[in-house]
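# Reading the structure
Residue strings, one per chain:
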Amino acid sequence: MIGTGRSLRIESLAGHDVPAAAALLAASMRDNPLHRRVFGHDDARLQPLLAGAFEALLRLRRDDGRVLVARNGAGIVGVVAMAPPGRCQPGLRFRLHMLGLLARHGALGVAPRIARWLAVWKRNEPKIPHWHLGPAAVERSRQGQGVGTQLMTAVCAELDRVGGAGYLETDKEANVRLYARGGFRVIAQREVLGIHNWFMLRPPPARPPERA
Ligand SMILES: CC(C)(COP(=O)(O)OP(=O)(O)OC[C@H]1O[C@@H](n2cnc3c(N)ncnc32)[C@H](O)[C@@H]1OP(=O)(O)O)[C@@H](O)C(=O)NCCC(=O)NCCS
């Protein structure tokens, strides 16, 4: 267990919980502005597509980075993934898997928009080694109750422990305040497919990382 607080536990995501965590991310992030711009407003079509994409991404991040979840008695109520330095951009196998997923959902037509989106994100990545956060979300009915703050505190503790910088993109201004409270600072703002995006960096801690 990584942390506790107000009947929540912060833990690493277990393999058998990947589908539940992916479903939570899909339900909570389906109306983020970029998702709406790319995929439209048909939730019945969008949610399974997003869940499939997040499931693959969470499996990747369990292997090469970290995935933290907040749990209460009933199950997972929040999720955040972290890619380690140098692994922000998924490899060819993952990209082909995503194209297959889009094709199965009859959404191959959005691939050029996704490519434009990811190209802007890639161009704005900081040059220093960093842990790349995302996706991150809290179950819809639990938002605004401190779950995201607890996950963010655990993420920042992990960044301090490994002595790493943290980096993220967000398409919602409300999220900027949450991340700023964790020590992230806006380093750039850009339009992505006409949607305003904030790019935020948390510098590495001044002291050296703890030994494992
Ligand atoms: C962003 C998110 C993870 C924050 O988790 P949370 O548990 O709601 O946040 P907390 O209750 O710990 O903290 C509240 C802060 O989160 C931010 N916030 C963002 N979206 C929010 C929402 N829907 N409800 C409440 N707070 C929200 C605000 O900064 C808020 O601070 P404020 O009270 O000063 O306005 C969560 O609201 C969420 O899943 N949103 C939808 C998906 C999303 O945008 N994911 C992040 C992509 S970068």
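Heads up: the structure comes first, above all this text.
This structure is a prediction, so every number in the text was calculated from the model and none was measured.

## Concerning the overall build of the protein
- A count of helical and extended segments in the protein gives 7 helices and 8 strands.
- Principal axes of the C-alpha set define a box for the protein whose edges measure 50 × 40 × 30 Å.
- Out of the 212 residues belonging to the protein, those deemed buried represent 50%.
- Put simply, of all contacts in the protein between residues at least 6 apart along the chain, 72% involve residues at least 24 apart.
- Of the roughly 10,700 Å² of accessible surface on the protein, 55% is carried by carbon and sulfur atoms.
- Positive and negative charge centroids in the protein, built from 31 and 17 side chains respectively, lie 3 Å apart.

## Details of the pattern of salt bridges
- Enumeration according to the criterion identifies 12 salt bridges in this entry.
- Here Glu158 and Arg66 are joined by a salt bridge, their closest N and O atoms 2.6 Å apart. In this pair, Glu158 sits in helix H6 (residues 147–162) while Arg66 sits in strand E3 (residues 66–72), placing the two residues 92 residues apart along the sequence.
- Taking the relative accessible area as the measure of exposure, Glu158 reaches 15% and is therefore buried.
- Here the salt bridges share partners, and the residues they tie into one network are Arg9, Glu11, Asp17 and Arg71.

## A closer look at helix H5 (residues 111–123)
- Under the 1.5 Å per step criterion, the end-to-end length of H5 is 18 Å for 13 residues, consistent within 8% with the ideal 18 Å.
- Those residues of H5 that sit buried are Ala111, Ile114, Trp117, Val120 and Trp121.
- If you follow the buried residues of H5, they end up packed against helix H2 (33–39), helix H4 (92–104), strand E6 (165–170), strand E7 (185–192) and strand E8 (195–202).

## What about the site of the ligand?
- Close to the ligand lie 22 residues, the nearest being Gly146, Gly148, Thr149, Ala174 and Arg177.
- A distance of 3.2 Å separates an oxygen atom of the ligand from a polar side-chain atom of Asn32.
- Computed on the free molecule, the ligand has an accessible area of 840 Å², of which 79% lies beneath the protein chains in the complex.
- Contributing elements (two or more residues each) for the shell around the ligand: helix H1 (18–29), strand E5 (130–138), H6, E6 and helix H7 (173–181).
- Looking at which element gives the most residues to the shell around the ligand, the answer is H7, with 6 residues.

## A word on H4
- With 13 residues, H4 extends 18 Å between its outermost C-alpha atoms, agreeing within 8% with the 18 Å of an ideal straight helix rising 1.5 Å per residue.
- Considered for burial, the residues of H4 that qualify are Phe94, Met98, Leu101 and Leu102. Down the axis, H4 shows its buried residues gathered within 100° of arc, on one side only. Turned more than 90 degrees away from the buried face of H4 sit Leu92, Arg93, Leu96 and Arg104, all of them exposed.
- As for H4, its buried residues are in contact with H2, helix H3 (43–64) and H5.

## Remarks on the nonpolar core
- Counting residues in hydrophobic clusters, the biggest one holds 44 residues, and the most contacted among them are Leu13, Phe39, Leu58, Val79 and Leu102.
- Counting residues per element, this core draws most heavily on H3, which supplies 9 residues.
- Within the second largest apolar cluster, 23 residues are counted, among which are Ala70, Trp131, Leu151 and Met200.

## Notes on the state of the cysteines
- Enumeration over the complete set of coordinates arrives at 0 disulfides.
- Cys88 provides the cysteine sulfur closest to Cys156, a residue in no disulfide bond, and the two sulfurs are 17 Å apart.

Scoring rules and cut-offs
Residues numbered from 1 in each chain as written. Predicted model: local features only at pLDDT ≥ 70, side-chain atom pairs only at ≥ 80, totals over all residues. Heavy atoms only, no water. Helix = DSSP H or I, 4+ residues; strand = E, 2+ residues; numbered from the N terminus. Buried < 20%, exposed > 50% of the residue type's maximum accessible area, 1.4 Å probe, protein only. Contact = heavy atoms within 4.5 Å. Areas by Shrake-Rupley, 256 points an atom, 1.4 Å probe, with all protein chains shown as cover. Lys, Arg positive; Asp, Glu negative; His and termini not counted. Charge placed at Lys NZ, Arg CZ, Asp CG, Glu CD. Salt bridge = Lys/Arg side-chain N within 4 Å of Asp/Glu carboxyl O. Expected span 1.5 Å × (residues − 1). Near = heavy atom within 4 Å. Polar contact = N/O pair within 3.5 Å; in protein donor to acceptor, adjacent residues only side chain to side chain. Arc of directions from axis to C-beta. Core = buried A, V, L, I, M, F, W, Y, C linked by side-chain atoms within 4.5 Å. Disulfide = S-S within 2.5 Å.

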